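What follows is each chain in one-letter form.
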Amino acid sequence: MTTVSGAVTAPRRALLLRRPTKTTGAFSWLTTIDHKRIGIMYCSLSLLSFLVGGLEALLIRLQLAGPNGTVVSAAQYNELFTMHGTTMVFLMGMPMAVGIANYFVPIMIGARDVAFPRLNAFGFYVVAVGAIFLYSSWIPGINGVPNGGWFGYTPLTDTPISAGFLPGRGPDFWSIGLIMLGIGSTTSAINFIVTILNLRAPGMTLMRMPVFVWMMLVVAFLTLFAMPIITVALIMVFFDRNYGTLFFQPAAGGDPLLYQHLFWLFGHPEVYILILPGMGIVSEILPVFSRKPLFGYAVVVFSGIAIGFLGWGVWAHHMFATGLSPVAISAFAVSTMLIAVPTGVKIFNWLSTVWRGAVRLTTAMLFALGFIAMFTIGGLSGVLHSVVPSDTQQTDTYFVVAHFHYVLFGGLMLAVFGGFYYWLPKVFGRMLDERLGKWNFWTMLIGFNLTFFPMHFVGLYGMPRRTYRYDEGLGWDVWNQIETVGAFIIGVSTLIFLANVIVSIKFKRGAVAGNDPWDGRTLEWTTASPPPAYNFADVPEVEARDEFWHHKYTEDDEGRLMPLPSGGADAAPAEEKHGHGIHMPSPSIYPLVMALGLLPLGYAAVYHSFAWLGLGVLVLLFGMYAWAIEPATEPEPETVTGRTPEPVH
């Protein structure tokens, strides 16, 4: 063992370039580059977006609760459903998965941090700035609320402002805002790929990684290759609208269908970017509460990879009604059927994991089982979209709305709520209340089905999606009333969850979690709750899949589970053993400064303003310069003795 001795001090810098040192207090959250804190901030932003997007959904449902609704005008309705879709996809779904992965992926692979901590913080702040930019369009007088749908089809959105198809700056705010969010998502994807491939603990081979880590690796690659496509499309829309480039204007030889190809070439992988993290979360919950290893681990992993690959070959099933050639339609119909195979394989593996297991019906397990049931319904209705005549009938009806809500809400959100009940005790050291949790689950499940299942019927009866009102006597009245009641039950369920978090965690009424409250299987349960800043005092050495489980249990000659005397769910917390001398990357304000520079650049693009442009460039260049000269880690100000400093990733 070597000893680090002698005081080392950081060079004194000018006040403007001086590095923050505080690791506690409100300001420390703005300068943190700790992956766990950034994960919490991602999830908090996503939850806030979920509430805002949910309020928009409730207004939509109130408008449609009866025929000839007058709650909002047609223009306001366009703004509401555009912002609801944009918020739920780009500000809730994607950041939520990134947030959970930010917190747990490094711990699950035995790493102390992500590969690029400051880039990680920059990615979060860019997403936050993008959210502020998008919602600043609601400020009175700006006249810029996006109103062309979350898909932004051309030629509606790219027609020059002077033509008056979409008056105001809505499509400009929408396209520039999404480009900002894409920058944040891409930086996170790069970080996850490098972290997972390079920072795994000794012995953590690829086929020993938890399934959640595997799914986030697939998601990261999907994001990395999908975001440039939508970015190019958005830039073309912006230039068409503002500089007369006419990429998508048919009167000038442009092709509006080109936009649909670009959008859905991004959009369908985006579906898997949203759903694969949910599959990963469920794959962690089911084995723990069934007390069995995941059935067919390798098959589940390779099915996830297959979904990632096949997801690139199904985009045109969103365009069957646009007049594509029969050959193209047939090819995409077949590829859409094919992608159901790995998805179905996963479902059977999850059911086999639960089968004959010692099942504990905790709230987390209920949400995981609910995920399987609701996602299966969404998958079955999705198979109907591979049948071209059926898809043609369903296009632009509420049947499609029902399908994707079963996939994305029933899939992603039920898994995320399950993940909250499963992992929040590790994050905050307190258990959530199980009784409130079960109220949360059942009201969510009932409200969800009341809201979205009747949409299958009204869709088949011919109710078009995105209509802001409908006449009496069409047979849609009762179903829409039921849907509205269901939407408010979902709202009540969300309030129950928030109350549970506030009471159990904020007011510390929840039981102390301990290190391993669920008798877990993976590495995150070997460290303290909440984990120390450095995650592990000693980098773990992994010898098996479900490493922690094998430290606690073995099997007798008849295959029965036997606890190991030396094992223990509540071993001494890591920080009580040691932890001194581990030198983590230092806080930095410059990721935030650089991200803030993008905000005036966004307004400069929308308003063609040189003043905003100059301000944005100035802030961005200052942030880049200061970031470049700032060392990743400051020397320790005091003597550190008695321990070999371990490498910091």
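Before any of the text, the structure's been laid out above.
Residues numbered from 1 in each chain as written. Predicted model: local features only at pLDDT ≥ 70, side-chain atom pairs only at ≥ 80, totals over all residues. Heavy atoms only, no water.

A. Looking closely at the overall build of the chain. Along the chain, the regular secondary structure elements total 18 helices and two strands. For the chain, whose C-alpha radius of gyration is 25 Å, the value lies close to the compact-globule estimate of 26 Å for 649 residues. Projected onto its principal axes, the C-alpha positions of the chain cover 75 × 70 × 50 Å. Here the chain holds 649 residues, and 57% of them are scored as buried. The long-range fraction of contacts in the chain, counting pairs at least 24 apart against all pairs at least 6 apart in sequence, stands at 82%. Looking at the chain as shown, the accessible area adds up to about 26100 Å², and 69% of this sits on carbon and sulfur atoms. If the 35 positive side-chain charges of the chain are averaged to one point and the 38 negative ones to another, these points end up 5 Å apart. (Helix = DSSP H or I, 4+ residues; strand = E, 2+ residues; numbered from the N terminus. Rg over C-alpha atoms; globule rule 2.2 N^0.38 Å. Buried < 20%, exposed > 50% of the residue type's maximum accessible area, 1.4 Å probe, protein only. Contact = heavy atoms within 4.5 Å. Areas by Shrake-Rupley, 256 points an atom, 1.4 Å probe, with all protein chains shown as cover. Lys, Arg positive; Asp, Glu negative; His and termini not counted. Charge placed at Lys NZ, Arg CZ, Asp CG, Glu CD.)

B. How the structure looks around the side chain of Ser 46. By the element assignment, Ser 46 lies in helix H2 (residues 35-64). We classify Ser 46 as buried; its relative accessible area is 0%. Within polar-contact distance, the side chain of Ser 46 engages the backbone nitrogen of Met 96 at 2.9 Å. Those residues in contact with Ser 46, other than ones at most four positions away along the chain, are Leu 91, Met 92, Pro 95 and Met 96. (Polar contact = N/O pair within 3.5 Å; in protein donor to acceptor, adjacent residues only side chain to side chain.)

C. Quick look at helix H9 (residues 326-354). With 29 residues, H9 should cover 42 Å at 1.5 Å per step; its first-to-last C-alpha distance of 43 Å lies within 8% of that length. Positive phi appears at Arg 356, one or two residues downstream of H9, with a value of about 60°. (Expected span 1.5 Å × (residues − 1).)

D. Quick peek at the packing of H2 against helix H3 (residues 74-108). Running from N to C, H2 and H3 point in directions that differ by 155°, and their axes come no closer than 7 Å. Here H3 runs roughly antiparallel to H2, going by the angle between their axes. Considering the relative orientation of H2 and H3, their crossing is left-handed. (Axes fitted to C-alpha atoms, helices over the stretch in contact; angles between N-to-C directions. Parallel < 35°, antiparallel > 145°, perpendicular 65-115°, else oblique. Left-handed = near helix turned anticlockwise from the far one by under 90°.)

E. Here's a closer look at the packing of H3 against helix H6 (residues 211-243). Running from N to C, H3 and H6 cross one another at 130°; their axes reach a closest spacing of 10 Å. Considering the angle they form, H3 stands oblique to H6. Considering only the axes of H3 and H6, their crossing is left-handed. Residues Met 94, Ala 97, Ile 100, Ala 101, Val 105 and Met 108 of H3 pack against Phe 212, Val 213, Met 216 and Met 227 of H6.

F. The arrangement of empty space enclosed by the protein in detail. Going through the model one piece at a time under the given rule, you end up with three cavities of 30 Å³ or more. Residue lining of the largest cavity: Met 94, Ala 97, Val 98, Ser 185, Ser 188, Ala 189, Phe 192, Met 216, Val 219, Ala 220, Thr 223 and Ile 273, and that is the complete set. Elements represented by at least two residues in the lining of the largest cavity include exactly H3, helix H5 (170-198) and H6. Here the residues of the lining of the largest cavity sort into nine nonpolar, three polar and no charged. What the second largest cavity holds in volume is close to 60 Å³. If you go around the second largest cavity, the residues you meet are Tyr 42, Phe 90, Met 94, Pro 95, Val 98, Val 127, Leu 181, Gly 184, Ser 185 and Ser 188. (1 Å grid on protein atoms, 1.4 Å probe; cavity = no way out; pocket = protein on both sides within 12 Å on 5 of 7 lines; lining within 4 Å. Points joined across faces, edges and corners; volume = space filled by probe spheres on them. Nonpolar A, V, L, I, M, F, W, Y, C, P; charged D, E, K, R; others polar.)

G. Structural detail: the side chain of Thr 363. Assignment of secondary structure puts Thr 363 in helix H10 (residues 363-383). Relative accessible area serves as the criterion here: at 0%, Thr 363 is assigned to the buried category. Not counting residues up to four positions away in its chain, the partners in contact with Thr 363 are Tyr 421, Glu 434, Gly 437 and Lys 438.

H. Structural context of the pattern of salt bridges. Taken as a whole and assessed by the stated rule, the structure comprises 11 salt bridges. A salt bridge links Arg 118 to Glu 630; its shortest N-O distance comes to 2.9 Å. Residue Arg 118 is located in helix H4 (residues 117-135), and its partner Glu 630 is located in the segment after helix H18 (610-629); the two are separated by 512 residues in the primary sequence. Glu 630 matches Arg 118 in its accessibility class, with the two residues each being buried. For Asp 519, the salt bridge identified is with Lys 552, shortest N-O distance 2.8 Å. Within this pair, whereas Asp 519 is found in the loop between helix H14 (477-506) and helix H15 (547-552), its partner Lys 552 is found in helix H15, the two being separated by 33 residues in sequence. Residue classification places Asp 519 among the buried positions, given a relative accessible area of 13%. Because the salt bridges share partners, they merge into one network encompassing Arg 291, Asp 516, Asp 519 and Lys 552. (Salt bridge = Lys/Arg side-chain N within 4 Å of Asp/Glu carboxyl O.)

I. Region of the structure containing unusual backbone geometry. Looking along the chain, the bond that leaves Thr 154 and enters Pro 155 is cis, with omega of 5°. Its location among the elements puts Pro 155 in the loop between H4 and H5. Cis rather than trans, the peptide bond between Ser 529 and Pro 530 has omega equal to -5°. Positionally, Pro 530 belongs in the loop between H14 and H15. In this model, Asp 396 sits at a positive phi of 60°, which is unusual for a non-glycine residue. Note that Asp 396 resides in the loop between helix H11 (388-394) and helix H12 (398-428).

J. Spotlight on the packing of aromatic side chains. Per the stated rule, a full pass over the model turns up 54 aromatic pairs. On the numbers, 5.1 Å between centres and 75° between planes, the contact of Tyr 42 with Phe 124 is edge-to-face. Highlighted residues: Tyr 42 in helix H2 and Phe 124 in helix H4, separated in sequence by 82 residues. Judged by relative accessible area, Tyr 42 falls into the buried class, the value being 1%. Between the aromatic rings of Tyr 590 and Phe 622, the centroid separation amounts to 6.1 Å while the plane-to-plane angle is 80°, which identifies the pairing as edge-to-face. Of this pair, Tyr 590 sits in helix H17 (residues 590-607) while Phe 622 sits in helix H18, placing them 32 residues apart in sequence. According to the relative accessible area criterion, Phe 622 is partly exposed, its value standing at 28%. Its end group placed over the ring of Trp 29, Arg 37 keeps NZ or CZ at 4.2 Å from the ring centre. (Phe/Tyr/Trp six-rings, centres within 6.5 Å; stacked < 30°, edge-to-face > 60°. Lys NZ or Arg CZ within 6 Å of the ring centre and 35° of its normal.)

K. Here's a closer look at the nonpolar core. In this structure, Ile 100, Phe 212, Leu 276, Trp 350, Phe 371, Tyr 422 and Trp 423 are the most contacted members of the largest nonpolar core, which totals 182 residues. If one sorts the elements of this core by residue count, H6 sits on top with 20 residues. Here Phe 371 is in contact with Ile 275, Gly 278, Met 279, Val 282, Trp 350, Thr 376, Gly 410, Gly 411, Leu 414 and Ala 415, once residues within four sequence places are set aside. (Core = buried A, V, L, I, M, F, W, Y, C linked by side-chain atoms within 4.5 Å.)

L. Region of interest: the environment of Trp 355. Here Trp 355 is to be found in the loop between H9 and H10. Measuring from C-alpha to C-alpha, the distance between Trp 355 and Thr 23 comes to 47 Å, with 332 residues separating the pair along the chain.

M. Summary view of helix H7 (residues 256-290). With 35 residues, H7 extends 51 Å between its outermost C-alpha atoms, agreeing within 8% with the 51 Å of an ideal straight helix rising 1.5 Å per residue. Helix geometry: H7 is bent most strongly at Ile 275, by close to 25°, with proline Pro 277 lying one to four residues after it. With 30 of its 35 residues buried, H7 lies for the most part within the structure. Regarding H7, its N-cap is Asp 255, as a side-chain oxygen of that residue lies 2.9 Å from the backbone nitrogen of Leu 257 further along. Just past H7, the residue Arg 291 takes up positive phi, approximately 50°. (Bend = angle between axes of the 7 residues up to and from the residue.)

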